[in-house]
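Summary of structural features
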Amino acid sequence: MALVGIARLAAASELLEAKRAVEYFELPARSILNRTRPNMPFQWTINPYRGCEFGCKYCYARYTHEFMELDAVEFEDKIYAKQATAELLRQELARTGRKEHIALGTATDPYQPAERRFGRTRAILEVFARERGRFLGITTKSDLVLRDLDLLCEIARANVLGVNLTVTTLDEKLARLLEPRAPRPALRLETVRRLSAAGICVSVFPNPIMPGITDGERALDRLARAARDAGALSFGGGPLFLMPSAQKVFFPFLEKHFPDLAPKYKASFARSAYLSKAYKDALRERVQRIRDRYGLASGMIEYQPELWAGEEQGELFPLQ
Ligand code: SF4
């Protein structure tokens, strides 16, 4: 079968490095900002990599490797670093409205191990550090984000910036099973503490919340309290969703580690990638109750950046 589009580019990508079972490739990219569907909390996404070495068992983004004719497991082993991220971003930001929200790290972790070698996320932040009045959210599980604290502080002074640390559980053993190569939960909370101490607005995301595994009220309550104590200002809370590509990894994982839950999950996701409305409504109420208990917001904090007082001069009446 002839490969087209992204599959053809992936097949022709130059090998950057091969280590252990993980291979890194350089992927030519035509654009870096991707428009989201309507009704999302952000209008644009940026993912400097394709694939993610953290290998979370529930990862919904595995389907993105299928576009390259690769399978769901190769999502963890074949990592593609996009080319020319900074140059593309500079060009594309010029065509983007200032009030539009941009989310960095929606389909791969921007601070996965590849970032130490290839620095594509840092190159992107260097572009944002020269911007004014942008709305940027960064989501990660990694303490590597602290490497860029200087840039984050610079961005936060002239733009609205939020950093979201995903912490699904405080239980180290469970985290190791669910997220085998991601930093430990304690390290992520320490990252929240250090970002918050530096004046960055931080959220903790317990997403995806998994029925029977991480959705207990007491466990979520402990997590929200730890997030608040570390300095987080908001607490997310989205339920698991499992497309067929994610089911291929998650169902065998359940059979091995949670055999009693496996049939229930299979029945729940038999017809849809989403859990029932009744479950989602009950979970939303539970999470809101917990947020209220700790005075946590549900989303990004839209503060007034010190170096940006609003609409830029000349935007409505271009200078002659
Ligand atoms: S860190 Fe995020 S993108 Fe990476 S494997 Fe885990 S869920 Fe997927």
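Owing to the predicted nature of the structure, the values given are computational and were not obtained by experimental measurement.

1. A short note on helix H11 (residues 244-257)
Helix length check: H11 (14 residues) gives 20 Å between terminal C-alpha atoms against 20 Å at 1.5 Å per residue, within 8%. Along H11, the sharpest change in direction is near 25 degrees and occurs at Phe250; proline Pro252 comes one to four residues later. Among the residues making up H11, those that are buried are Ser245, Ala246, Gln247, Val249, Phe250, Phe251, Phe253 and Leu254. Buried positions along H11 lie against helix H2 (63-66), helix H8 (172-178) and helix H12 (262-268).

2. A few points about the state of the cysteines
Covalently bonding the sulfur atom of one cysteine to the sulfur atom of another cysteine gives a disulfide. For the coordinates displayed, the defined rule picks out zero disulfides. Distance from the sulfur of Cys153, which forms no disulfide, to the nearest cysteine sulfur (Cys201) is 11 Å.

3. Let's talk about the environment of Cys56
Relative to the elements of secondary structure, Cys56 occurs in the loop between strand E5 (49-50) and H2. A relative accessible area of 7% places Cys56 in the buried class. Each residue touching Cys56, except ones within four places of it in the same chain, is listed here: Arg62, Lys141, Leu178, Glu179 and Pro180.

4. Notes on the environment of Thr168
Structurally, the position occupied by Thr168 is in the loop between strand E9 (160-166) and H8. Judged by its relative accessible area of 3%, Thr168 falls in the buried class. Along the primary structure Thr168 and Leu242 are separated by 74 residues, whereas in three dimensions their C-alpha atoms are 16 Å apart.

5. Points about the packing of aromatic side chains
This structure, assessed with the given rule, holds nine aromatic pairs. Measuring from centroid to centroid gives 5.4 Å for Tyr24 and Phe118, while their planes differ by 65 degrees, and the two rings are edge-to-face. Here Tyr24 is found in strand E2 (residues 22-27), whereas its partner Phe118 is found in helix H5 (residues 114-118), with 94 residues between them in sequence. Residue classification places Tyr24 among the buried residues on the basis of a relative accessible area of 0%. Their ring planes at 55 degrees and their centres at 6.1 Å tell us that Phe253 and Phe258 sit as a pair that is tilted.

6. Brief notes about the pairing of strand E10 (residues 201-205)
For E10, the buried fraction is high: four of the five residues fall into the buried class. Pairing between E9 and E10: five bridges, direction parallel. Bridging across to E10, Val163 finds its partner in Val202. Note: E10 against strand E11 (residues 234-235), two bridges, orientation parallel. Among the inter-strand pairings, Val204 is bridged to a residue of E11, identified as Phe235. Regarding the hand of the β-α-β motif, the stretch spanning E10, helix H10 (residues 217-230) and E11 is right-handed.

7. Considerations on the nonpolar core
If you look at the biggest cluster of nonpolar residues, it comprises 48 residues, and the most contacted ones within it are Ile46, Leu89, Leu125, Phe128, Ile138, Leu161 and Leu195. Setting aside its immediate chain neighbours within four residues, Phe128 contacts Ile46, Leu89, Leu93, Ile102, Arg134, Leu136, Ile155 and Asn159. Grouped together as the second largest cluster of nonpolar side chains are 26 residues, Tyr58, Ala246, Leu261 and Ala262 included.

8. A word on the site of the ligand
The environment of the ligand is made up of Cys52, Phe54, Gly55, Cys56, Tyr58, Cys59, Ala107, Thr108, Asp109 and Lys141. Across the shell around the ligand, the residue classes tally to six nonpolar, two polar and two charged.

9. So, the packing of helix H6 (residues 120-128) against helix H7 (residues 149-158)
At a closest axis distance of 9 Å, the pairing of H6 and H7 adopts a crossing angle of 30 degrees. Here H7 runs roughly parallel to H6, going by the angle between their axes. Handedness of the crossing formed by H6 with H7: left-handed. Here Arg122, Leu125, Glu126 and Phe128 of H6 lie close against H7, whose contacting residues are Asp150, Leu151, Leu152 and Ile155.

About the thresholds
Residues numbered from 1 in each chain as written. Predicted model: local features only at pLDDT ≥ 70, side-chain atom pairs only at ≥ 80, totals over all residues. Heavy atoms only, no water. Helix = DSSP H or I, 4+ residues; strand = E, 2+ residues; numbered from the N terminus. Expected span 1.5 Å × (residues − 1). Bend = angle between axes of the 7 residues up to and from the residue. Buried < 20%, exposed > 50% of the residue type's maximum accessible area, 1.4 Å probe, protein only. Contact = heavy atoms within 4.5 Å. Disulfide = S-S within 2.5 Å. Phe/Tyr/Trp six-rings, centres within 6.5 Å; stacked < 30°, edge-to-face > 60°. Pairing = 2+ DSSP bridges. Right-handed = clockwise from strand over helix to strand, strands pointing away. Core = buried A, V, L, I, M, F, W, Y, C linked by side-chain atoms within 4.5 Å. Near = heavy atom within 4 Å. Nonpolar A, V, L, I, M, F, W, Y, C, P; charged D, E, K, R; others polar. Axes fitted to C-alpha atoms, helices over the stretch in contact; angles between N-to-C directions. Parallel < 35°, antiparallel > 145°, perpendicular 65-115°, else oblique. Left-handed = near helix turned anticlockwise from the far one by under 90°.

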